[in-house]
Amino acid sequence: MKKMNNRQRTFALMTIPILVLFFAFNTLPLIKGFIYSFTNFKGYGTYEYVGLRNYADLFTDGRVGNSYLFTIKVAIITTIVVNVISLILALALNSKIKFKSALRGMYFIPNILGALVVGYIFNYFFTYIVPAMIDMMGGKGTSILASSKWAWVAIVAVCAWQAVAMNTIIYISGLQTVPEDVYEAGSIDGATGWAKFNHLTFPLIVPFFSINMVLCVKNFLMVFDQIVALTKGGPAQSTESISYLIYNNGMSGGQFGFQSANAVLFFVIIVLFSVVQLTITGKKEEQL
């Protein structure tokens with residue numbers, strides 16, 4: 001092996017510390033979590049290996065099953081809401097309107113705020129402001145966060161409100177890659193309104209749509225901060241996401257080994273969701 005020159009040595013000195021940190025804080029905990037998933041570790045003290053018992057128990061635990069159903073429901077609904085709103089906003093902000101740059105900056109503000117900060121603000125809004133407004137209109141104002149039937153709606157609203165900005169940026173990037181010649185040719189053929197979007201615009205931004213769909217589903221399956229700030233899994237565990245259940249029962253509930261198995265299963269499910277999405281959208285791109 002020939003000796004490294006100064007340039008290569010500099011790159012190595014820059015890369016090696018990053019790789020060490022990545023391994024120490026990402027890869028190593030992942031490996032240890034996988035090992036703990038085969039134990040009865042409580043988070044402290046000694047533990048024993050129990051084989052696949054934790055994984056078998058996951059499929060018979062009603063609380064785990066409910067958390068998966070809730071999380072998947074929230075992820076699917078929020079993904080649809082976010083992408084519809086983002087695409088509409090992107091089409092509007094990409095058109096010839098006044099103050100376009102200023103509006104792009106204003107709508108992006110929610111994305112730069114911390115999810116916990118946004119969650120606590122909306123917690124106050126749903127708990128005090130909305131009920132007070134309903135009382136003023138003669139109704140009986142109660143917080144939606146106290147309803148086991150409708151609390152999930154508040155979580156969807158908060159997640160969507162913050163996620164729309166980044167998705168809109170991606171859609172705007174896609175719209176700006178569409179050549180003007182395509183629209184001119186479409187206008188000659190009489191394409192306007194929905195026909196213009198459906199046959200010209202959307203087929204050309206399908207790759208950007210694929211990116212947004214994969215990122216949305218992955219992010220919303222991992223919803224955590226909003227639940228901590230809004231409901232803490234309540235009322236009656238009706239808004240307990242998988243991430244929150246893993247954190248809450250794993251760290252303070254004495255189920256470290258069991259929830260490690262849950263985390264491994266959750267990781268596999270997220271990967272499967274992503275692979276299925278990419279396969280479907282990849283076939284769609286080939287057809288177009």
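Everything that follows concerns the structure shown earlier in this document.
Fair warning: this is a prediction, and the values are worked out from it, not measured in the lab.

Conventions and cut-offs
Residues numbered from 1 in each chain as written. Predicted model: local features only at pLDDT ≥ 70, side-chain atom pairs only at ≥ 80, totals over all residues. Heavy atoms only, no water. Helix = DSSP H or I, 4+ residues; strand = E, 2+ residues; numbered from the N terminus. Expected span 1.5 Å × (residues − 1). Buried < 20%, exposed > 50% of the residue type's maximum accessible area, 1.4 Å probe, protein only. Salt bridge = Lys/Arg side-chain N within 4 Å of Asp/Glu carboxyl O. Polar contact = N/O pair within 3.5 Å; in protein donor to acceptor, adjacent residues only side chain to side chain. Contact = heavy atoms within 4.5 Å. Phe/Tyr/Trp six-rings, centres within 6.5 Å; stacked < 30°, edge-to-face > 60°.

Chemist: How should helix α10 (residues 206-221) be read in this particular structure?
Modeler: Between its terminal C-alpha atoms α10 stretches 22 Å, which fits the 22 Å expected from 16 residues at 1.5 Å a residue. Listed as buried for α10 are V206, S210, N212, V214, C216, V217, F220 and L221.

Chemist: Mind showing me how you'd approach the pattern of salt bridges here?
Modeler: Oppositely charged side chains are able to pair whenever their charged atoms sit close together. Summed over all chains, the structure comprises one salt bridge. The residue E240 makes a salt bridge to R63 at a minimum N-O spacing of 2.6 Å. Residue E240 is located in the loop between α11 (225-230) and α12 (242-251), and its partner R63 is located in helix α3 (residues 62-93); the two are separated by 177 residues in the primary sequence.

Chemist: Quick question: what am I supposed to make of the environment of T177 here?
Modeler: Summarising the element assignment, T177 is placed in the loop between α7 (151-175) and α8 (180-188). Of the residues examined, T177 reaches a relative accessible area of 48% and is grouped as partly exposed. The sequence separation of T177 and I205 amounts to 28 residues, and the corresponding C-alpha distance is 8.2 Å. Of note is the side chain of T177, whose polar atom sits 2.5 Å from the backbone oxygen of G174.

Chemist: Just checking my understanding: could you explain the side chain of S260 for this structure?
Modeler: When you line up the elements, S260 lands in helix α13 (residues 256-287). Given a relative accessible area of 10%, S260 falls into the buried group. Engagement of the side chain of S260 in a polar contact is seen with the backbone oxygen of F256, the distance being 2.7 Å.

Chemist: How should I be thinking about the side chain of S243 in this particular structure?
Modeler: Note on placement: S243 falls in helix α12. A residue is classified by how much of its surface remains accessible, and S243, at 16% relative accessible area, is buried. Among residues more than four places away in sequence, those in contact with S243 are L221, M222, V223, F224 and F266.

Chemist: Got a minute to help me understand the packing of aromatic side chains in this structure?
Modeler: How two aromatic rings sit relative to each other is set out by the distance from centre to centre and by the angle between their planes. As enumerated under the stated definition, the model contains 19 aromatic pairs in all. Where Y36 meets F256, the ring centres are 5.5 Å apart and the plane angle is 90 degrees; that geometry is what we call edge-to-face. Of the two residues, Y36 sits in helix α1 (residues 6-36) while F256 sits in helix α13, which places them 220 residues apart along the sequence. Using a relative accessible area of 15% as the deciding quantity, one classes Y36 as buried.

Function cannot be read off these values alone, since they describe shape.
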